[in-house]
Amino acid sequence: MTVLTGLLAFVALALLGWAIAEGKDKVFSYHNNDEEQESLNRTHEMQKQNDYAELDINDVIRTISTKGFSA
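The sections below set out a description of the structure shown in this document. Throughout, residues of each chain are indexed from 1 in the direction in which the sequence is written. It should be noted that, the model being predicted, local features are given only for residues of pLDDT at least 70 and side-chain atom pairs only at 80 or more, the latter also being counted only at that level, while totals for whole chains, interfaces and linings use all residues. By convention in this description, side-chain values take in all heavy atoms of the structure and omit both hydrogens and water.

### Structural notes on the pattern of salt bridges
Step number 1: Note on definitions: salt bridges are taken to be side-chain nitrogens of Lys or Arg within 4 Å of carboxyl oxygens of Asp or Glu. As enumerated under the stated definition, the model contains 2 salt bridges in all.
Step number 2: Two residues, Glu38 and Arg42, come together in a salt bridge whose shortest N-O distance is 3.9 Å. Taken together, the residues span about one helical turn, with Glu38 and Arg42 both in helix 2 (residues 34-49) at a distance of 4 residues.
Step number 3: Here Asp59 and Arg62 are joined by a salt bridge, their closest N and O atoms 2.3 Å apart. Placement of the pair is Asp59 and Arg62 together in helix 3 (residues 57-63), with a separation of 3 residues, close to one helical turn.
Step number 4: Remark: exposure states derive from per-residue accessible area (1.4 Å probe, protein chains only) relative to the maximum for the residue type, with buried under 20%, exposed over 50%, and partly exposed in between. Residue class for Asp59 comes out partly exposed when judged on its relative accessible area of 23%. Helix and strand assignments come from DSSP, with helices taken as H or I runs of at least 4 residues and strands as E runs of at least 2, each series counted from the N terminus.

Written out as structure tokens, the structure reads:
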């Protein structure tokens, strides 16, 4: 009987933690202020001017050494 009680307490605690984690995003939100937004816009403009392209995983694998170094 104590094992069943412990299991139920564990499930109840897990559900409570899950509910808190899901509700936290709805209650607390983050918004960039004007200074941060200006900095982000400036960074994006500089990246556009320098022809920045984000690499996908295939590009990364092609450009790095995946075999390591020989000693």
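### Details of the environment of Leu55
Step number 1: Mapped onto the elements, Leu55 comes out in the loop between helix 2 and helix 3.
Step number 2: Here the alpha-carbon distance between Leu55 and Ala12, two residues 43 residues apart in the chain, equals 43 Å.

### Structural notes on a nonpolar patch on the surface
Step number 1: A contiguous nonpolar surface patch, about 940 Å² in accessible area, is contributed by Met1, Leu4, Leu7, Leu8, Phe10, Val11, Leu15 and Trp18.
Step number 2: Among the structural elements, Leu8 can be located in helix 1 (residues 2-27).
Step number 3: Looking at Leu8, the relative accessible area reads 54%, which means it is exposed. Grouping into patches uses exposed residues only, defined as over 30% relative accessible area, and leaves out salt-bridged ones; the cut-off is 9 Å for like charges and 5 Å for nonpolar side chains (Val, Leu, Ile, Met, Phe, Trp, Tyr). Note on areas: Shrake-Rupley with a 1.4 Å probe; residue coverage comes only from the protein chains shown.

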